[in-house]
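Observations on chain architecture
These are the residues of each chain, in order.
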Amino acid sequence: FKNPHGWKHWHRIVPNNLQHDRVLKRPRDRWHRLGIEISRRRHGSKILIAAPDEKPCKFYDIELDTWLAETVATIKQHTDRPIVIRERNPSRTDRKINRVENALDDVHAVVTFNSIAATESILAGVPVFVMAPCNAARPVANLDLSAVDSPWFPDQDQILEWASHLAYGQFHIDEFKNGSAERIL
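Residues numbered from 1 in each chain as written. Predicted model: local features only at pLDDT ≥ 70, side-chain atom pairs only at ≥ 80, totals over all residues. Heavy atoms only, no water.

Focus on the sheet that holds strand 2 (residues 46-50)
With parallel pairing, 4 strands are arranged side by side in an open sheet as 3-2-4-5. Either end of the sheet is taken by a strand with one partner, and the two such strands are strand 3 (83-86) and strand 5 (128-130). Taking each pair of neighbouring strands and ignoring which way they run, the sheet shows an average axis angle of 20 degrees. Taken strand by strand, helix 3 (residues 64-78) contacts strand 2, strand 3 and strand 4 (107-112), and its axis lies near 160 degrees from that of strand 2. (Pairing = 2+ DSSP bridges. Helix = DSSP H or I, 4+ residues; strand = E, 2+ residues; numbered from the N terminus. Axes fitted to C-alpha atoms, helices over the stretch in contact; angles between N-to-C directions. Contact = heavy atoms within 4.5 Å.)

Here's the deal with the pattern of salt bridges
Summed over all chains, the structure comprises 6 salt bridges. One salt bridge in this structure joins lysine 25 and glutamate 161, with 3.8 Å as the shortest N-O distance. Residue lysine 25 is found in the loop between strand 1 (10-12) and helix 1 (29-34), and its partner glutamate 161 is found in helix 6 (residues 156-167); the two are separated by 136 residues along the sequence. Classification of lysine 25 as exposed rests on a relative accessible area of 65%. The partner of aspartate 29 in a salt bridge is arginine 33, and the shortest N-O contact between them spans 3.3 Å. One end of the pair, aspartate 29, and the other, arginine 33, are both in helix 1, 4 residues apart, so they sit about a helical turn from each other. Residue aspartate 29 is classed as partly exposed on the basis of its relative accessible area of 34%. Among the residues examined, arginine 33 registers a relative accessible area of 58% and is labelled exposed. (Salt bridge = Lys/Arg side-chain N within 4 Å of Asp/Glu carboxyl O. Buried < 20%, exposed > 50% of the residue type's maximum accessible area, 1.4 Å probe, protein only.)

Coordinates in, geometry out; function isn't part of it.
Written as structure tokens, this is what we have:
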């Protein structure tokens, strides 16, 4: 959060893919250096839909309104829980301040296409459902909305292993400058 201009200081590197879609055993050092807490499983009453923004909609050739309508209809087939739709803030600075963790009070599960909200939700202790064919949270997420009322949630060891793997694919701009990113890759 010490980035007042909203510049992107961290960059994801994924060989031959958009996101990491599997978990490889990695040391935990990079993850622990980030100092991000992994929360225990939380429970709530609402379903939070983190809507995709324009870029993934264009890339995957989906219409946002259609995706939202179909997703809400599918969720309603499997639960009577209240549904809240959260659209992505277009400003990077505002997204850094208003992260999904701030919207997770009383949330039973998060449903998203491919949003980083899935990763933030798992770390905050809330189960997620991801609908895109590629999402960094996919290894620790639910994929079938028919289970929205009773979602699976990974245990702490699974989350730590997944987070440690993700940390080995995220590099600060200083690591590119000093060559450590290339050495790690």
